[in-house]
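Here are the chains, one letter per residue:
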Amino acid sequence: MSGEADRRLVIAGTGIAGLTAAIYAARANNDPLILEGDEPGGQLTLTTDVENYPGFPEGIGGPELINNMKEQARTFGAEIENGVVETVEEGDPIGVTLTNGRSLTADAFIAASGASARTLDIPGEDDLMGYGVSTCATCDGAFFRDEDMLVIGGGDAAMEEANFLTKFADTVYIAHRREDFRAEEYWVDRIMEKVDEGEVELLKNTEATEIHGSQADGIDHVSLVRHPDGHPKAKLESGQGDAVERSDLDVGAVFLAIGHTPNTEYLEDTPVELDEAGYIQTEGGSGGGQTKTGVEGIFAAGDVVDYHYQQAVTAAGMGCKAALDVDEYLESIEQEAAGIETAQAGD
Ligand SMILES: Cc1cc2nc3c(=O)[nH]c(=O)nc-3n(C[C@H](O)[C@H](O)[C@H](O)COP(=O)(O)OP(=O)(O)OC[C@H]3O[C@@H](n4cnc5c(N)ncnc54)[C@H](O)[C@@H]3O)c2cc1C
């Protein structure tokens, strides 16, 4: 250990992964400073009800769960601060600079900066997020039992989400802006079976332009555009809108499945390995359950690594693992430093 660092541990992110790591690290006397980023509390603050987090038979509000965790982390001595990490510099100690100009050093760093779901940027979307519009079918599908649902997207995630939603929905519609799906054949085949069974209806070459409804009553309907050659919105924008057909679709829920962007810009100039999409590669590759990156003292946890499961409980689990791995790491470098001092004293 350098003995010069400002903190033993800095954690980027107050989502469930970062807060779990902070609770474990604080209890292990590793003095964590945890930085909120642009979205204090992370993705769970965007949802009203979490029904699948163990220990809450009646469910719990996302913000309430996060506030409880913040309180728990503070109880054990974690410090939570507003701040967005701008750069990280490998070394002993690790350098961390924030967008507000502050810089500090740490013996260890956990990247728990999550992933942001991509959105469509259409009217109604922001207003109804959490009130019928969702980016997580596994999380919110059950709230719309027996209603018609619209999934937007054409990749594996969209197919997987649509397939999952058939458990609850009356009809699942999939709107995709092109004729062909990007999803793997396996998923397309499964969806085509559901189409044959009447559970799924495909809306190809179709895009949503507005989501109508209110927070009090949820979604009323969605405005759609369709062009026989695909990309109808681009056609409209480029003045080729003659063949664009407009329609309205009555649905109770809209699931956006157009991908996530991991929040890893601040690691781009470091040797921390990122995959093509920007997810952090830990030991065993991205999507694996490990927290050690290839760079000494830098660990990662939650959705910023795990593009596959992306659940509160799995992110919390990784946060726990990261804190335990950090503890082991700090202990090993302390022992190493003590060994060097003993050897020097014996010279
Ligand atoms: C609408 C919705 C509903 C959901 N419902 C459920 C559910 O019911 N059950 C379930 O299991 N899962 C649910 N999920 C998924 C769950 O929220 C995520 O899997 C989980 O939040 C991931 O936690 P995380 O800590 O890894 O990342 P996040 O929650 O994404 O948190 C990331 C944190 O990092 C911070 N950050 C980002 N960049 C920086 C930076 N440069 N510097 C410092 N900090 C930074 C952000 O501000 C944020 O605090 C839902 C997701 C959404 C969007």
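Residues numbered from 1 in each chain as written. Predicted model: local features only at pLDDT ≥ 70, side-chain atom pairs only at ≥ 80, totals over all residues. Heavy atoms only, no water.

A.B. asks: Please give an account of the domain arrangement of the chain that cites residues and values.
C.D. replies: When the domains of the chain are assigned, the result is domain 1 (7-117 + 260-346) and domain 2 (125-256). For domain 1 and domain 2, the distance between their C-alpha centroids amounts to 34 Å. With nine residues of domain 1 at the contact, the number on the domain 2 side is seven residues. There are zero salt bridges connecting domain 1 and domain 2. Where domain 1 packs against domain 2, one counts zero residue pairs in polar contact (both at pLDDT 80 or more). Its residues placed into classes, the side of domain 1 that touches domain 2 shows two nonpolar, five polar and two charged. (Domains from an automatic or database assignment. Contact = heavy atoms within 4.5 Å. Salt bridge = Lys/Arg side-chain N within 4 Å of Asp/Glu carboxyl O. Polar contact = N/O pair within 3.5 Å; in protein donor to acceptor, adjacent residues only side chain to side chain. Nonpolar A, V, L, I, M, F, W, Y, C, P; charged D, E, K, R; others polar.)

A.B. asks: Got a sec to walk through the sheet that holds strand S9 (residues 149-152)? Specific residues and values, please.
C.D. replies: Strand pairing in a sheet takes place through backbone hydrogen bonds and is either antiparallel or parallel in direction. Pairing is parallel across the open sheet formed by five strands, whose spatial order is S8-S15-S9-S10-S11. Each of the sheet's edge strands pairs with one partner strand only, and the pair in question is strand S8 (133-134) and strand S11 (200-203). One ladder, built from two bridges, connects S8 with strand S15 (residues 253-256); its direction is parallel. Paired with Ser 134 across the bridge in S15 is Phe 255. Packed onto the sheet, helix H5 (residues 156-165) meets S9, strand S10 (172-175) and S15 and runs at close to 165° relative to S9. Relative to the sheet, helix H6 (residues 185-196) contacts S10 and S11, its axis offset from that of S11 by approximately 110°. (Pairing = 2+ DSSP bridges. Helix = DSSP H or I, 4+ residues; strand = E, 2+ residues; numbered from the N terminus. Axes fitted to C-alpha atoms, helices over the stretch in contact; angles between N-to-C directions.)

A.B. asks: Can you lay out the layout of surface pockets for me, pointing to particular residues and giving the numbers?
C.D. replies: In this structure, the second largest pocket occupies an estimated 290 Å³ of space. Around the second largest pocket, the lining comprises 16 residues; the ones closest to its centre are Leu 120, Ile 152, Arg 177, Glu 207 and Ile 258. It is strand S12 (residues 206-214) that contributes the most residues to the lining of the second largest pocket, three residues altogether. Here the residues of the lining of the second largest pocket sort into five nonpolar, six polar and five charged. (1 Å grid on protein atoms, 1.4 Å probe; cavity = no way out; pocket = protein on both sides within 12 Å on 5 of 7 lines; lining within 4 Å. Points joined across faces, edges and corners; volume = space filled by probe spheres on them.)

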